[in-house]
Amino acid sequence: MSNSRGGFPCPPVNAESVKSIIIVGVGGQGTLLASRIMGDALVQKGYDVKVSEVHGMSQRGGSVITYVRYGDEVNSPVIENGEADIILAFEELEAARYLPFLKPGGTVITSTQQIDPMPVITGAAEYPQEVILAIESLGITVRRLDALSLAKQAGSVRAVNVVLIGALAKDMDIEKEVWLSALEKCVPEKFLELNQKAFELGYNSY
Amino acid sequence: MKELLLGNEAVARGLYEVGVGVVSSYPGTPSTEITEAAAKYDEIYTEWAPNEKVAAEVAAGAAIGGARSFCGMKHVGLNVAADPIFTMSYIGVNAGMVIGVADDPGMHSSQNEQDSRNYAKAAKILMLEPSDSQECKDFTKLAYALSEEYDTPVFLRLTTRISHSRSLVEISERDSIELKPYDKNTAKNVMLPAFARPKHVAVEVRTKKLTEWAETCELNKIIDNNAKIGVITSGACYQYAREAIGDGANYLKLGAVYPLPVEKIKSFAAGLDKVYVIEELDDIIEAHCKAIGVNVVGKDLLPRVGEFSQRIIKQYITCDENAFFSLPAELPIRPPVMCSGCPHRGLFYTLNKAKVFVSGDIGCYTLGASAPLSAMDTCICMGASISALHGFNKARGEEASKRAVAVIGDSTFMHTGINSLVNVAYNQSNSVTIILDNSITGMTGQQQNPTTGFTLKGDPTTAVNLEALCKSIGISRVTVVDPYDVKAVQKVLAEELEAEEPSVIISRRPCALLKYVKHAEPLMVNENCIGCKICMGVGCPSLSFDAASKKAVIDANTCTGCNVCAGICPKNAIVKGVRS
Ligand SMILES: Cc1ncc(C[n+]2csc(CCOP(=O)(O)OP(=O)(O)O)c2C)c(N)n1
């Protein structure tokens, strides 16, 4: 039992064939809808998919993380340090908080929105300066976009999530039509046009 | 057809497909969506009960009455429902009865992380544990067949990661299940000692039979990878183990976690160099293995606390670690907070300033314990605020009771607060009880309750009149106050603390997230602001302090215009603005 895997000879079965994405943000920003749209698109592409969500307490303005995994066969619904191919962040501080989840070579897509957490509001802590530059200085590819402004442009600040899905879509190997049909299934009809606009703005943001 | 469903939605789909007729539950993360999803099927009668004990009894009555029934709850709800469930184990069923219980290892949204498998053992009730959404549906359906075959209620145990993860589920049609006839059977259904004694014998015989079933059932399956190392596991841990170890081990995946097989475990372990038991929280499987003489490694190596993941298994068993990045800087935490416009804010701000002892309870208002509101001394379990305050006051006497209050939400008051208030009136303590009536069960995501006037399905119904209820219990001082009006709250609080008898303050204002609540124009800060930061003391996420201008700033996108910050500003610098 002396080798590094505690006596286990084989590497895990599906380490390479499964992709992992985390969606991070602040409770209430609409990360759950984002993961639903993503899940639907991946199912349409015929993947095995697992999406693990946060409900309950932290949805009240706390730090939230959703895991999306897809491939031939997905086992664990959660993603751990060093396992995420992409971090999709709704807020800068949260992008920084979950950075350890990123796999070497992975990408960070982040909105440039900054939301003060309570310790900053009360003066007990400071909002960190230039976190995105700090991430880039580690040699990590960061794509940033002002999702809040783009959402406003689309017609509602609440469409931030769909703007970010648009930005992510650009980085993934799934046709745009698939994303748009997933969007259609996941948002109420009366907001569809607004969300389609939001998606396009995100998609064309870089 | 396959759909990507939450584990909880898959359980609900199972309830639908297996012809369940009656569902009664009390919400609790991570179990809530089972009942919400079941409510979408017109064929199933679904309701929110005031608490889990009521829900379990409703399900018991329905099962005796011939309809397949279900009750759902979180792990701590099972403590509340334990009384009927332990005796339903003796009575058994007519039509099948399933109790869904969702544990929360890691305490994502709970006050403790007890392991419900202990209840299966203690109540001698079969317990199934799925490991993905497909199994959630399949095991739910199977649970009804087993319940009827073995004349027992059945537990379906979930954990947060199973309840709140989506995976693919094959959808089928609903079975047509007839209501079973009801035949009066005193010896079976009336648990007088004379009838209960033979029933206990029957329960022991049943457990033996179920153990035999566990030896051969498909749920307890062996995955033979021709390895020298074995893993015995169940539920989410099975997925973590597969992720971390892959085909490097043989697996015994237990779909039924009580009662556990004996021969199957022995034959699985035979010939292996080493067998690990991978289970979150308590050592239920491990203790069983050791008791039957199978040598396994479990809690000597793996934690007894918290949630597992592939990382935990890599850390302790395969001794692998992924490379990862980290930033040198320490980042401020982001705890959950009361929402902008939350009616609890004005009340807790007042309690903080009054420096009173606050006997707390569970709900969104428990967030009032954190800075800057910091106005809570205790939080034990649902309903405990009022009874614990009574005890505190009896212990510390008259003077202390003039500086102490209990806070409890409307849903929590209905859950188990009423009996505590009866005790305050009956045994007379000068306790001040504050009912935070936001007209909804907020914390768990806005469920209706007996005070709101609507049922789970959204139909109008009678609403409990809180004032009349408190008076009928024997509390004659009952005052209603609007928590957005901080000065009014201060005045009422001071008066009721001084009163020489028990009293109730109803802090009434609907949750700001409710659809029907219209928000006022957002507020803004004008040039009168002197940067004193007093407004930061309300802990509102729409407020921040701009270091450059040394003035408070209000985010017009999120401010609901509740006026709580304006009400405490010494310079009247917070005024109505306009929504952009
Ligand atoms: C026995 C038990 N059941 C369920 C829960 C989950 N739970 C926590 S708080 C709460 C209800 C909160 O509603 P309310 O008292 O109206 O307060 P609000 O959140 O609306 O402020 C529930 C259902 C629990 N903690 N314990």
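Residues numbered from 1 in each chain as written. Chains lettered and ligands numbered in written order. Predicted model: local features only at pLDDT ≥ 70, side-chain atom pairs only at ≥ 80, totals over all residues. Heavy atoms only, no water.

Quick look at the overall build of chain B
From N to C terminus, chain B includes 19 helices and 22 strands. Rg of the C-alpha trace for chain B: 27 Å, near the compact-globule value of 25 Å for 580 residues, within the 12% margin. Overall, the C-alpha framework of chain B stretches about 80 × 65 × 50 Å when taken along its three principal axes. In chain B, which comprises 580 residues, the share counted as buried stands at 59%. (Helix = DSSP H or I, 4+ residues; strand = E, 2+ residues; numbered from the N terminus. Rg over C-alpha atoms; globule rule 2.2 N^0.38 Å. Buried < 20%, exposed > 50% of the residue type's maximum accessible area, 1.4 Å probe, protein only.)

Observations concerning the overall build of chain A
If you tally the helices and strands in chain A, you get 8 helices and 6 strands. When the helices and strands of chain A are read in sequence order from the N terminus, they spell out β-α-β-β-β-α-β-α-α-β-α-α-α-α. In summary, chain A has a C-alpha radius of gyration of 18 Å against a globular reference of 17 Å for 206 residues, a match within 12%. Its C-alpha atoms give chain A principal-axis dimensions of about 60 × 45 × 35 Å. Looking at chain A residue by residue over its 206 residues, the buried ones come to 61%. The long-range fraction of contacts in chain A, counting pairs at least 24 apart against all pairs at least 6 apart in sequence, stands at 63%. Here chain A has roughly 7,900 Å² of accessible surface; of this, 48% comes from carbon and sulfur atoms. Each charge sign in chain A was given a centre, from 18 positive and 25 negative side chains, and these centres are 3 Å apart. (Contact = heavy atoms within 4.5 Å. Areas by Shrake-Rupley, 256 points an atom, 1.4 Å probe, with all protein chains shown as cover. Lys, Arg positive; Asp, Glu negative; His and termini not counted. Charge placed at Lys NZ, Arg CZ, Asp CG, Glu CD.)

Quick word on the nonpolar core
If you look at the biggest cluster of nonpolar residues, it comprises 84 residues, and the most contacted ones within it are Ile22 of chain A together with Leu15, Leu128, Trp213 and Ile278 of chain B. Element by element, the count of residues in this core is highest for helix α10 (residues 235-245) of chain B, at 7 residues. Here this core gathers at least three residues from each of two domains, domain 1 (2-216) and domain 2 (220-318) of chain B. Sequence-distant contacts of Ile278 of chain B, defined by excluding residues within four places in its chain, comprise Val231, Ile232, Thr233, Ser234, Cys237, Ala241, Ile245, Leu302, Phe308, Ile313 and Ile317 of chain B. Counting 67 residues, the second largest nonpolar core, distinct from the first, contains Tyr365, Phe413, Ile434 and Val478 of chain B. (Core = buried A, V, L, I, M, F, W, Y, C linked by side-chain atoms within 4.5 Å. Domains from an automatic or database assignment.)

Here's the deal with the packing of aromatic side chains
In the structure shown here, the tally under the stated rule is 8 aromatic pairs over all chains. Pairing Phe199 of chain A with Tyr203 of chain A gives two aromatic rings, centres 5.8 Å apart and planes at 20 degrees, and the pair type is stacked. Pair noted here: Phe199 of chain A and Tyr203 of chain A are both in helix α8 (residues 192-203), with a separation of 4 residues, about one helical turn. Comparing Phe199 of chain A with Tyr203 of chain A shows no difference in burial state: the two are buried. Its guanidinium or amino end placed over the ring of Phe545 of chain B, Lys533 of chain B lies 4.6 Å from that ring's centre, counting from NZ or CZ. (Phe/Tyr/Trp six-rings, centres within 6.5 Å; stacked < 30°, edge-to-face > 60°. Lys NZ or Arg CZ within 6 Å of the ring centre and 35° of its normal.)

Examining the environment of Asp459 of chain B
All names here are of chain B. Secondary-structure assignment places Asp459 in the loop between β16 (432-437) and α17 (466-473). A relative accessible area of 45% means that Asp459 is categorised as partly exposed. Asp459 sits 308 residues away from Asp151 along the chain, and the two C-alpha atoms are 35 Å apart. If near-sequence neighbours (up to four positions away) are discounted, Asp459 is found in contact with Gly453 and Phe454.

What to know about the domain arrangement of chain B
Domain annotation of chain B identifies domain 1 (2-216), domain 2 (220-318), domain 3 (344-508) and domain 4 (523-576). Inter-centroid distance (C-alpha atoms) of domain 1 of chain B to domain 4 of chain B is 50 Å.

Regarding the interface of chain B and chain A
Counting residues at the interface gives 63 residues for chain B, matched by 70 residues for chain A. Taking both sides of the interface into account, the surface hidden between chain B and chain A amounts to around 5,600 Å²; carbon and sulfur atoms contribute 61%. The tally of links between chain B and chain A comes to 6 salt bridges. Residue Arg334 of chain B pairs with Glu91 of chain A through a salt bridge whose shortest N-O separation is 3.1 Å. At 6 residues, α10 of chain B tops the list of elements feeding residues into the side of chain B that touches chain A. Of the residues belonging to the side of chain B that touches chain A, the class tally is 32 nonpolar, 19 polar and 12 charged. In the sheet, strand β2 (residues 48-52) of chain A pairs with strand β8 (residues 165-170) of chain B via 2 bridges, with the strands oriented antiparallel. (Buried area = accessible area lost by both parts, 1.4 Å probe. Salt bridge = Lys/Arg side-chain N within 4 Å of Asp/Glu carboxyl O. Nonpolar A, V, L, I, M, F, W, Y, C, P; charged D, E, K, R; others polar. Pairing = 2+ DSSP bridges.)

Considerations on the pattern of salt bridges
A complete count under the given rule lists 38 salt bridges over all chains for this structure. Each of the salt bridges in this network shares a partner with another, and the network as a whole consists of Asp103, Asp115, Arg117, Glu129, Arg157 and Glu279 of chain B.

A word on the site of the ligand
Residues and elements named next belong to chain B. As a structural note, the neighbourhood of the ligand is formed by 26 residues, with Glu52, His344, Asp410, Thr412 and Gly442 the closest of them. For the ligand, a nitrogen atom lies 2.6 Å from a polar atom in the side chain of Glu52. Separating an oxygen atom of the ligand from a side-chain N or O atom of Asp410 is a distance of 2.5 Å. Relative to its unbound accessible surface of 590 Å², the ligand loses 98% to contact with the protein. (Near = heavy atom within 4 Å. Polar contact = N/O pair within 3.5 Å; in protein donor to acceptor, adjacent residues only side chain to side chain.)

Here's the deal with helix α15 (residues 384-401) of chain B
All names here are of chain B. If you check α15, its first and last C-alpha atoms are just 17 Å apart, much less than what 18 residues at 1.5 Å a residue would give, namely 26 Å. Along α15, the sharpest kink reaches roughly 95 degrees, centred on Ala395. Considering only its buried residues, α15 is in contact with β14 (357-359), β15 (404-409), α16 (410-426), β16 and α18 (486-498). (Expected span 1.5 Å × (residues − 1). Bend = angle between axes of the 7 residues up to and from the residue.)

Brief notes about the environment of Ser267 of chain B
Looking at where Ser267 of chain B falls in the secondary structure, it is placed in helix α11 (residues 263-269). Sequence separation between Ser267 of chain B and Ala67 of chain B is 200 residues, and the spatial gap between their C-alpha atoms is 40 Å.

A look at the state of the cysteines
Residues and elements named next belong to chain B. According to the stated counting rule, one finds 0 disulfides over all chains in the structure shown. With no disulfide of its own, Cys289 has Cys237 as its nearest cysteine by sulfur position, at a separation of 14 Å. Cys381 takes part in no disulfide bond, and the closest cysteine sulfur, belonging to Cys379, lies 8.4 Å away. The class of Cys381 is partly exposed, set by a relative accessible area of 34%. (Disulfide = S-S within 2.5 Å.)

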